[in-house]
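These are the residues of each chain, in order.
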Amino acid sequence: MKAAPCRAIMGKEIADSSEQHYDERGSKVNITKIDEGYRITKLSGGSVGHVELVTGTYDNKPFKAVIKTQKKWERPGDPNSWRREYDLYTSGLSEIFTETFRWPKCYHAEISNDETKLWTEYIEGVSGSDLTVEMYEKIAEGLGRFHGKLFAEKFTLPTENLCNADGMKDFYRYNRSKKELYNYIRRSDCKIPRHLCKMIADMDEKSDKVWAEIEKLPIVLRHGDFFPPNIFYADDKIILIDWDSAGWSYLGEDIVNLIADSGDVDHMAEYYHTCVPAYLKGFSEFSDASQIESLYIYERIVMHFGYRLIGGVTWRNDVKTPEEQKSDLNVLQKIYEMEN
């Protein structure tokens, strides 16, 4: 592997002149002309990887690039997630993105035995809590369009480093298997409001039938961490960062996370009633969705987040503060109100 472009940008090493480097527009850069007045700023996020913004000038013109360094680590049950973004960026996945839905352009990628480095474009746009309901609708439609195109073209990836489609089901069954938690919501002295406990218990009773229907849905590539801080909206275009949790899933799984992991509890029901039809609309532009009677979004929200939230509310008081417990209880209430 050739010397990393960032070393030249940071002035620590001047690489061979035959090596190719790129600015944020994807144009080739002669690194010997990069000025010494560069600046490196650590970006927010990057809880697993180390993310930096490099700014400077080239031929008296400003440039920006993001350097993401990911050292080897092992996520429980997913040992190769540390290198997944590298694998995806070098897989040809960018060919299937649409004009309005993509990831940041990658200028350079390299991997060593225990570390990956990606040099990508710097993304500017609306993100996180600044996203509006109208933007959520566009985001859901763009995601559906991407999934519809991917499914219609039967696109395959030359990498085995992807989570399997049963991840959400396995996570739900793992949490449900915790006897203390399972029994707690069924006890008469449970401090969780009864209607919320019943919502989860009723879903347990029909979960096998629900999953059997979900497994009839098309399998698509999910982002896996599809929530507002990883989504940028600019000029009706959606750009997604942080693909280290990507994998296969049954149609609609990313929408589950977009709605219930938004952090905007007050608008959760509105996101639900807006994003689900928008997602199907986008999917239908490329693939036939006439036979899809339901995406089972609400059911998956209850199964994926129900026990997860209950676990931090009352029966494990050492895990979360009273304020955090109250917040989790409020999310459960909003989930209940979606269909009630």
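Everything numeric here is computed off the predicted structure, so don't read it as measured data. (Residues numbered from 1 in each chain as written. Predicted model: local features only at pLDDT ≥ 70, side-chain atom pairs only at ≥ 80, totals over all residues. Heavy atoms only, no water.)

**Quick look at the overall build of the protein**
Alright, step 1. Tallying secondary structure elements over the protein gives 10 helices and 13 strands in all.
Alright, step 2. For the protein, the residues scored as buried account for 52% of the 340 residues in total.
Alright, step 3. Within the structure as shown, the protein displays about 17000 Å² of accessible surface, and the carbon and sulfur contribution to it stands at 46%. (Helix = DSSP H or I, 4+ residues; strand = E, 2+ residues; numbered from the N terminus. Buried < 20%, exposed > 50% of the residue type's maximum accessible area, 1.4 Å probe, protein only. Areas by Shrake-Rupley, 256 points an atom, 1.4 Å probe, with all protein chains shown as cover.)

**Quick word on the side chain of Ser127**
Alright, step 1. Within the secondary structure, Ser127 sits in strand S9 (residues 126-127).
Alright, step 2. The contact partners of Ser127, leaving out residues within four places of it in the chain, are Pro228, Pro229, Ile231 and Phe232. (Contact = heavy atoms within 4.5 Å.)

**Topic: the sheet that holds strand S3 (residues 39-42)**
Alright, step 1. Spatial ordering of the open sheet is given by S3-S4-S5-S8-S7, a layout of five strands whose pairing is antiparallel. This sheet does not close on itself; its edge strands, each paired only once, are S3 and strand S7 (106-111). Along the sheet, successive strands turn relative to each other by an average axial angle of 20 degrees, direction set aside.
Alright, step 2. Here strand S5 (residues 61-71) pairs with strand S8 (residues 115-120) via six bridges, running antiparallel. Across the sheet, residue Lys68 finds its bridge partner in S8, namely Leu118. (Pairing = 2+ DSSP bridges. Axes fitted to C-alpha atoms, helices over the stretch in contact; angles between N-to-C directions.)

**Remarks on the packing of aromatic side chains**
Aromatic rings considered in pairs are described by the distance between their centres and by the relative angle of their planes.
Alright, step 1. Scanning the entire structure with this criterion turns up 10 aromatic pairs.
Alright, step 2. Ring centres of Phe97 and Phe146 lie 5.1 Å apart, and the angle between their planes is 25 degrees; on these two criteria the pair is classed as stacked. Taken together, the residues Phe97 in the loop between helix H2 (84-89) and strand S6 (101-102) and Phe146 in helix H3 (residues 133-152) connect sequence positions 49 residues apart. Residue Phe97 shares its accessibility class with Phe146, and that shared class is buried.
Alright, step 3. Each member of the aromatic cluster is reached from another via a ring pair, and the members are Tyr89, Phe97, Phe101, Trp103, Phe146 and Trp243.
Alright, step 4. Lying across the ring of Tyr182, Arg186 places its NZ or CZ 3.6 Å from the centre. (Phe/Tyr/Trp six-rings, centres within 6.5 Å; stacked < 30°, edge-to-face > 60°. Lys NZ or Arg CZ within 6 Å of the ring centre and 35° of its normal.)

**Thoughts on the nonpolar core**
Nonpolar side chains tend toward joint burial in soluble globular proteins.
Alright, step 1. If you look at the biggest cluster of nonpolar residues, it comprises 81 residues, and the most contacted ones within it are Leu93, Ile259 and Ile335.
Alright, step 2. At nine residues, helix H9 (residues 297-313) tops the list of elements feeding residues into this core.
Alright, step 3. Once you skip the residues sitting within four places of it in the chain, Ile335 turns out to touch Met199, Met268, Tyr298, Ile301, Val302, Phe305 and Leu309. (Core = buried A, V, L, I, M, F, W, Y, C linked by side-chain atoms within 4.5 Å.)

**Here's the deal with the sheet that holds S6**
Alright, step 1. Pairing is mixed across the open sheet formed by four strands, whose spatial order is S6-S12-S11-S9. Both outer strands of the open sheet, S6 and S9, are each paired with one neighbouring strand and no more.
Alright, step 2. Taken together, the four bridges between strand S11 (residues 231-234) and strand S12 (residues 237-240) define a ladder with antiparallel strand orientation. Looking across to S12, one finds that Phe232 is bridged to Ile239.
Alright, step 3. Along the sheet face, H3 touches S6, S9, S11 and S12 and points at about 105 degrees away from the line of S11.

**Here's the deal with the pattern of salt bridges**
Alright, step 1. For the structure on display, the rule yields 21 salt bridges.
Alright, step 2. One salt bridge connects Glu121 with Arg102, and the closest N-O pair in it is separated by 2.5 Å. With Glu121 in the loop between S8 and S9 and Arg102 in strand S6, this residue pair connects regions lying 19 residues apart in the sequence.
Alright, step 3. Glu121 gets classed as buried once you look at its relative accessible area, which sits at 11%. (Salt bridge = Lys/Arg side-chain N within 4 Å of Asp/Glu carboxyl O.)

**A short note on the pairing of S11**
Alright, step 1. Bridging between S9 and S11 involves two bridges; their strand directions are antiparallel. Looking at the pairing, Ser127 lines up with Phe232 of S11.
Alright, step 2. Counted along the chain from S11 to the antiparallel partner S12, the turn is two residues long, and its residue Asp235 has a positive phi close to 55 degrees.

**Quick look at the packing of H3 against helix H8 (residues 268-284)**
When two helices pack together, you describe them by how their axes are tilted relative to each other and by the distance separating the axes.
Alright, step 1. Packing of H3 against H8 leaves a shortest axis separation of 7 Å and a crossing angle of 30 degrees. In this structure, the crossing between H3 and H8 has a hand that is right-handed. Seen from H3, the contacting residues are Val133, Tyr136, Glu137, Ala140, Glu141, Leu143, Gly144, Arg145, His147, Gly148 and Phe151; seen from H8, they are Glu270, Tyr271, Thr274, Cys275, Ala278, Tyr279, Lys281, Gly282 and Phe283.
Alright, step 2. Looking at the contact of H3 with H8 residue by residue, the classes come out as 10 nonpolar, five polar and five charged. (Left-handed = near helix turned anticlockwise from the far one by under 90°. Nonpolar A, V, L, I, M, F, W, Y, C, P; charged D, E, K, R; others polar.)

**Notes on the pairing of strand S4 (residues 50-58)**
Alright, step 1. Bridge count for S3 against S4 is four bridges, and the pairing is antiparallel. The residue of S4 that forms the bridge with Arg39 is Thr55.
Alright, step 2. Pairing of S4 with S5 involves nine bridges; the strand directions are antiparallel. In the sheet register, Val51 faces S5, and the bridge partner there is Lys68.
Alright, step 3. Taking the residues between adjacent antiparallel strands as the criterion, S4 and S5 are bridged by two residues, where Asp59 takes a positive phi near 55 degrees.

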